[in-house]
Amino acid sequence: MARSNTGPVVALVPAAGRGLRLGLGEPKAFVTVGGKTLLERSVEGLVESGSVDRIVVMVPEKLVERTGDLLGSFDEITVVAGAGERTDSVRCGLAAAGDADIVLVHDAARALTPSSLVSRVVAEVRAGRAAVVPAIPVADTVKTVDIMGAVVGTPDRSGLRAIQTPQGFDAELLARAYAEAGDSATDDAGLVERLGETVHTIVGDPLAFKVTTPHDLLLAEALVGQERS
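Because the structure is a prediction, the values reported are computed rather than measured.

(A) Main features of the UniProt feature "site: Positions MEP for the nucleophilic attack" (unreviewed entry) in the protein. According to UniProt, the positions carrying the feature "site: Positions MEP for the nucleophilic attack" (unreviewed entry) are Arg157 and Lys210. Mapped onto the elements of the fold, arginine 157 is located in the loop between β9 (151-153) and β10 (161-163). Apart from residues no more than four positions distant in its own chain, arginine 157 is found in contact with Val138, Ala139, Asp140 and Thr141. In this structure the side chain of arginine 157 is engaged in a polar contact, spanning 2.7 Å, whose partner is the backbone oxygen of alanine 139. Positionally, lysine 210 belongs in the loop between β12 (200-203) and α7 (214-228).

In structure tokens, the structure reads:
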């Protein structure tokens, strides 16, 4: 049954990934765009939304102190050691979430996510939806292929969506999903789906794209440059 969530909102920011596809030799969250790291920009968006009470950032253990210094100007931020796998890092964050009523999980690599999107996700969970994810329609034709690369199907893209973050959850539901998870999932909502719970989508935002490749980084730099001009 849906219930109204009125308690604290805690955002978890997994930032322990190595970012190998960027090829820059450092964790992706610490790559800079327009003079600020992706992590700083992601945290700024959460803070500026006015909808988040606390933030927990999960980074490689050797970078905990550096991250604390980097984010020292923000209030109500806790930095903890994460893990090699994203799901394990989120578990570390959940352990530090305290009395959260609502938990957001937000990729540090989605650094240009508008604060208004954060607010909309929180509003939907507060209204009683236990799991909410931003989504945008898939523009390209999608094929399913076998292990040899042969096409075996063409899904109707009208029902397909690309999922973004922040993803918002009733804290108890997300904790249960992680407690029962046997292996990894591509996103947190996938673990909730395995419980048979409904995940609702809201309209996402093109600016919430994930910086994964050098091309994505160039796009982010261009967009930040436009903001400055």
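(B) Region of the structure containing the pairing of strand β1 (residues 9-14). Judged by how many residues are buried, β1 sits mostly within the fold: six of six residues are covered. With burial as the criterion, each face of β1 is covered, one bearing Val9, Ala11 and Val13 and the other bearing Val10, Leu12 and Pro14. Note: β1 against strand β6 (residues 102-105), four bridges, orientation parallel. Residue pairing in the sheet places leucine 12 in a bridge with valine 105 of β6. In this structure, β1 lies alongside strand β4 (residues 54-59), joined through five bridges in parallel fashion. Residue pairing in the sheet places alanine 11 in a bridge with isoleucine 55 of β4.

(C) Representation of helix α5 (residues 171-180) in the model. Restricting attention to buried positions, one finds in α5 the residues Ala171, Leu173, Leu174, Ala177 and Tyr178. Projected down its long axis, α5 shows its buried positions confined to an angular sector of 165°, all on one face. Turned more than 90 degrees away from the buried face of α5 sit Glu172, Ala179 and Glu180, all of them exposed. Packed against the buried residues of α5 are α3 (86-95), β6, β7 (131-137), β11 (167-170) and α6 (188-194). Of the residues that open α5, the one with a side-chain oxygen 3.1 Å from the backbone nitrogen of glutamate 172 is aspartate 170.

(D) Focus on the side chain of threonine 67. With respect to the helices and strands, the residue threonine 67 is situated in helix α2 (residues 64-70). For threonine 67, a relative accessible area of 0% puts it in the buried group. Within polar-contact distance, the side chain of threonine 67 engages the backbone oxygen of leucine 63 at 2.7 Å. Filtering out sequence-adjacent residues up to four positions away, threonine 67 remains in contact with Phe30, Leu39, Val57, Val59 and Val79.

(E) Main features of the environment of aspartate 107. By the element assignment, aspartate 107 lies in the loop between β6 and α4 (115-126). Judged by its relative accessible area of 9%, aspartate 107 falls in the buried class. The spatial distance from the C-alpha of aspartate 107 to the C-alpha of valine 224 is 18 Å, given a sequence separation of 117 residues. Beyond its immediate chain neighbours, meaning those up to four positions away, aspartate 107 contacts Ser42, Arg86, Thr165 and Lys210.

(F) View of the packing of α3 against α5. Between α3 and α5, the least distance of the axes is 11 Å, while the angle of their chain directions is 135°. The orientation of α3 with respect to α5, classified from their angle, is oblique. Both α3 and α5 take part in a crossing whose hand is left-handed. Each of Arg86, Thr87, Val90, Arg91 and Leu94 in α3 lies in contact with α5, whose residues at this interface are Leu174, Ala175 and Tyr178.

(G) Examining the UniProt feature "site: Transition state stabilizer" (unreviewed entry) in the protein more closely. In the numbering used here, UniProt assigns the feature "site: Transition state stabilizer" (unreviewed entry) to Arg21 and Lys28. Here lysine 28 shows up in the loop between β1 and β2 (32-33). Taking the relative accessible area as the measure of exposure, lysine 28 reaches 15% and is therefore buried.

Calculation criteria
- Residues numbered from 1 in each chain as written.
- Predicted model: local features only at pLDDT ≥ 70, side-chain atom pairs only at ≥ 80, totals over all residues.
- Heavy atoms only, no water.
- UniProt positions renumbered as here; feature names shortened; annotations may be inferred.
- Helix = DSSP H or I, 4+ residues; strand = E, 2+ residues; numbered from the N terminus.
- Contact = heavy atoms within 4.5 Å.
- Polar contact = N/O pair within 3.5 Å; in protein donor to acceptor, adjacent residues only side chain to side chain.
- Buried < 20%, exposed > 50% of the residue type's maximum accessible area, 1.4 Å probe, protein only.
- Pairing = 2+ DSSP bridges.
- Arc of directions from axis to C-beta.
- Axes fitted to C-alpha atoms, helices over the stretch in contact; angles between N-to-C directions.
- Parallel < 35°, antiparallel > 145°, perpendicular 65-115°, else oblique.
- Left-handed = near helix turned anticlockwise from the far one by under 90°.

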